[in-house]
Every structure is written in C-alpha cells, then in structure tokens.
Amino acid sequence: MSLIVNISSIDLSDTNKVTGITKSLNKLSSSVGNIFGGKSTKEIIKGTRCSGILQNDIALSFTNNWTGTAYQGLYQGLEALSKQTVFGVSLNAVKATYDVSNTMLNMGGMSIVGTGAASTRMYNGSSISGLSVSMKWYTPMDDTYKIAIPAILILGFPSQRKAEPTSASGTGSSNSGWIDKIPGVSDLKSVFTDITDTLSTLLSYNPPPVTLNISNSAGTDIFNLYPLVITNISFNTSRETCNGIPVVIGITVGFEFYQIKGNNGYANGDFKIAGVSALGDLQKLANQVNQ
C-alpha cells in the first residue's frame, strides 16, 4: 500500500499552527506587502498543495542539547552578581571566596570548574532534526506531475512579485493642479512613484511555513508534521523518454522545523509519527502510556 504525501502552506495568523509573536509580525508584513501588490501572491501560495506518492523512508530525530557545566555557570553568575548586596552581605565576598578557593585548589592539582568526573551538564534546549521526502511519477501512466512541479516551486521557491501601479502613480487630489505648478514638487512626486514601483519589483514573498501530511490510501494520517519550512527542492528525471517526456520524474523536498512547539504546543492527535499521536497534552499522553 502506497503512502500519499501532501505538502501545504500554513496561515501564519492561525495560532493553532504557529505561536508567539509570529502572528503579530505576519499582520505587519501583510500590511506592508499589500501596499506593494503582494496580497495576490500571498493568496495564491496559501491555496497551493503539492501531492505525490512517497518513495523513501522517513528519518526524524529528537535531540536534547546539553552544554557547559553548572560549575562554570555558577562562576559566571557570581561574576554578574558581585556588585549586588543581598541581605546586607556583599556578593563580592562570596565571589572572592570562590576565586581564592579555586586558586588554592589549583595549586594542589585540583579545580572546581566542573571538569573530569565532577562535571555536570547544563540543559540548553531541544530540537527536532530536518527530514526529506521523495516522490516519483511514471509519466506514461500518471500526469499529476504537471500539477506537482509548479505547486512545489510555488511553496518552496516563490517568484518575485509583478510590479503593479501604486496609489502614488494614480490620479492626484483636487489640489494637484496648483501643487504641480510649484517648482520641484512634480519631480518629487515622480521620484516617489519610481521608488515605490521599484520596491514592488524587488520584494518577493518568503517561502511559507508548511504542513507535511503523509496518509495511506484510506485517508488515515500516518505522519502529520508542522510547522516546517522547505530548505531545498531537487528534481531528477530519467534519460529514457515517452512522447518526448522523461519516463520517470522525481522530486525530493528537504524540510526543517520552523518552530519547536513541544508537547503542550500541539492538540492531541495533531502531531503524528508512524500513525501514533506523539505530541499533545503532556498529562493526557502520560495517562495514555501509563495505563
């Protein structure tokens, strides 16, 4: 049974999919983008979906990052706090005691900087690895590649916005007649119009965060991973052709996680790995696995 890949964009204003300040920044970006004619481009991307048959194994790893030592962190903390006074006692004295003790120990061949068997790892966050999916089409029997190729490039490699006339280049106000007679003003309006039109040709819409959904032929979710961003797109085609078209066309798409939301950042059943609801309400998940 083949697994079906679906890659679709995420609306950044959807707080169920993307959290934090991103929603507010998206509103700001949309407001500015609308001035330069970017609204239509954004709407096109938002409604685009790329689909194909999965060809590769899925590899995904979760990593805990542990760096430094608690002892070194203690020293840095004392350094920062040494100018403060707590309960009437200057922390300079505490830091001085630490420094003198460490110096004396070093002279005796020992230290308290957290090396050797006495070191302690300090937690520094967690991450999820990137992953990739591959899809292939046997073109004599399946022409859906004609939709998949432009769709994945719209999602992962959006083109520049087409320049559109700005409000500055439209009709002027009722006062424009006498304003245009003032030396230099009409030239200034022209410069402003040229600048805004130039900006609209330079701006492009960023590749959007996406959801990667992989389901079976019955429509059951097997993998549901988000929010992701597309990092690379690779095409490969066979040398053999049929009616002038490569017999086999393949697309490989690389992803990285846009945000690491953790357990409670997802609704139960929303983040799936191999058909298993892997992230969600931590307490509910714990109750489920500890029954």
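Our structure's up above, just so we're on the same page.
Because the structure is predicted, anything quoted here is derived from the model rather than measured.

(A) Molecular detail of unusual backbone geometry. Residues Tyr226 and Pro227 are joined by a peptide bond in cis, for which omega reads -10 degrees. Assignment of secondary structure puts Pro227 in strand S9 (residues 221-237). With a phi close to 55 degrees, Asn243 is a non-glycine residue in the positive phi region. Turning to its location among the elements, Asn243 is positioned in the loop between strand S10 (241-242) and strand S11 (245-246).

(B) Structural view of the packing of aromatic side chains. Scanning the model with the defined rule gives four aromatic pairs in all. For the ring pair Tyr226 and Tyr266, a centre distance of 5.1 Å and an interplane angle of 75 degrees mean the geometry is edge-to-face. With a gap of 40 residues between them, Tyr226 in strand S9 and Tyr266 in the loop between strand S12 (248-257) and strand S13 (271-273) connect regions that are remote in the sequence.

(C) Layout of the nonpolar core. Counting 35 residues, the largest nonpolar core has Ile7, Val133, Leu212, Val253 and Phe255 as the members making the most contacts within it. Looking at this core, the elements that each hand over two or more residues are strand S1 (4-9), strand S7 (131-138), helix H5 (145-156), strand S8 (210-215), S9 and S12. No other element matches the six residues that S9 contributes to this core. Sequence-distant contacts of Val253, that is, excluding residues within four places in its chain, are made with Ile7, Leu131, Ser132, Val133, Met135, Ile152, Ile230 and Asn232.

Parameters and conventions
Residues numbered from 1 in each chain as written. Predicted model: local features only at pLDDT ≥ 70, side-chain atom pairs only at ≥ 80, totals over all residues. Heavy atoms only, no water. Helix = DSSP H or I, 4+ residues; strand = E, 2+ residues; numbered from the N terminus. Phe/Tyr/Trp six-rings, centres within 6.5 Å; stacked < 30°, edge-to-face > 60°. Core = buried A, V, L, I, M, F, W, Y, C linked by side-chain atoms within 4.5 Å. Buried < 20%, exposed > 50% of the residue type's maximum accessible area, 1.4 Å probe, protein only. Contact = heavy atoms within 4.5 Å.

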